[in-house]
Amino acid sequence: MKYCFFFAYMKKKQYLCALICVTMNFLLTDTNVVSYAGQLGLEGISTLVLPAGEEHKTLATIQKIWDFLVDNGATRQSVLINMGGGVITDMGGFAASTFMRGIDFVNIPTTLLAMVDAGTGGKTGFDYRGLKNIIGTFRQPKETIIDERFLQTLPAAQLLSGYAEMLKHGLIGDKRHFNSLLALDVLSPYNKQFAEQIHALIEESNAIKQAIISADPEEKGKRKILNFGHTIGHAIEELSLAKNQPLLHGYAVMYGMLAELYLSHVKLGLDTAVLSQMTHLAIEQYGKPMCPCKDVDTLIELMRHDKKNRQQGEINFTLLRAIGEPEFDQTVPERTIKEALDYLFTI
């Protein structure tokens, strides 16, 4: 698998045109970014445009993608190009990995979150029965093409969503990277200086992620550390979808990290300074999370269905002993989880 960072428009266009010339390609995208297809040299190929949003990340949508491939004569030599955010790359990757027992796919992530999370790493899937990504496969894209110019098109909330995943990489992987991220103003105007800075940080985040994945591609052990913040974060995100008040994935992960940093302090002795620092950042940039007390039991029940759990009824976490020192397969009593949620919802 390759990761290409292209700045020159002609270089991207030449690469994609060459890809189109040698294979039968299909484009999967959504209503938010379909207008950019022509700029990337993707005009003229069979295209399926899906409605944007996590609420469409369903089996019914996967069936639409399969129908699109069948109806347009896709073969095992075809390539599915997934241009969009994490919803598109997750669903497109899953559809490609299961169509004719697997065809190649290329990801062109268009959000900061997808550039450092869903667009890379080889996890595919969709939401099922209110559980996030509960159905999926491990299948690496043939290539991931990252063009930071897409960041100019994103609203502030989308930039912050991706920034949360980058902070996660710093917390689990490298204190220097974490400190560099803290020094970044992710909402600063897009100019040459910002482009160079964000380019370097995206590369570093992906390098941390790929080093972990190469050691454990199918999440049998070490790769679980990439789920820091996600056990509680996914539950918060799932609850928001159930209430028809969808929360961006990165926001849910940020709140999940705060609660799991609390658990890290209680179980592994993490310095409270890290928790305080992240709490201050979250309040300032993401706002305070809101959750009625009556929803706490629902959140815990959702956590019981998390993919990382090893035994029925057990809730499994990745926690931090210190920045850069994650520990996976950690369990804590339910009362302590409730303490962590109480901390989160009263900050």
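Since the model is a prediction, treat every value here as computed from it, not as a measurement.

Here we take up the overall build of the protein chain. Secondary structure summary: the protein chain contains 12 helices and 10 strands in total. Within the protein chain, the proportion of its 347 residues that are buried is 56%. Taking as baseline every contact in the protein chain between residues at least 6 positions apart, the subset at least 24 positions apart corresponds to 73%. Surface accessibility of the protein chain: about 14,600 Å² in total, with carbon and sulfur atoms responsible for 52%. Here the protein chain contributes 34 positive and 38 negative side-chain charges, whose respective centroids are spaced 4 Å apart.

The next point concerns the packing of aromatic side chains. Scanning the model with the defined rule gives seven aromatic pairs in all. Relative to F94, the ring of W66 has its centre 6.3 Å away and its plane inclined at 40°; by these criteria the two rings are tilted. One end of the pair, W66, is in helix α2 (residues 59-71); the other, F94, is in helix α3 (residues 86-98), with 28 residues separating them in the sequence. For the pair F94 and F126, a centre-to-centre distance of 5.2 Å together with 70° between the ring planes defines the contact as edge-to-face. In this pair, F94 sits in helix α3 while F126 sits in strand β6 (residues 123-128), placing the two residues 32 residues apart along the sequence. Here F94 and F126 have matching classes, each one buried. Clustering of aromatic rings is evident, with ring pairs tying together W66, F94 and F126.

Calculation notes
Residues numbered from 1 in each chain as written. Predicted model: local features only at pLDDT ≥ 70, side-chain atom pairs only at ≥ 80, totals over all residues. Heavy atoms only, no water. Helix = DSSP H or I, 4+ residues; strand = E, 2+ residues; numbered from the N terminus. Buried < 20%, exposed > 50% of the residue type's maximum accessible area, 1.4 Å probe, protein only. Contact = heavy atoms within 4.5 Å. Areas by Shrake-Rupley, 256 points an atom, 1.4 Å probe, with all protein chains shown as cover. Lys, Arg positive; Asp, Glu negative; His and termini not counted. Charge placed at Lys NZ, Arg CZ, Asp CG, Glu CD. Phe/Tyr/Trp six-rings, centres within 6.5 Å; stacked < 30°, edge-to-face > 60°.

By themselves these figures say nothing about function.
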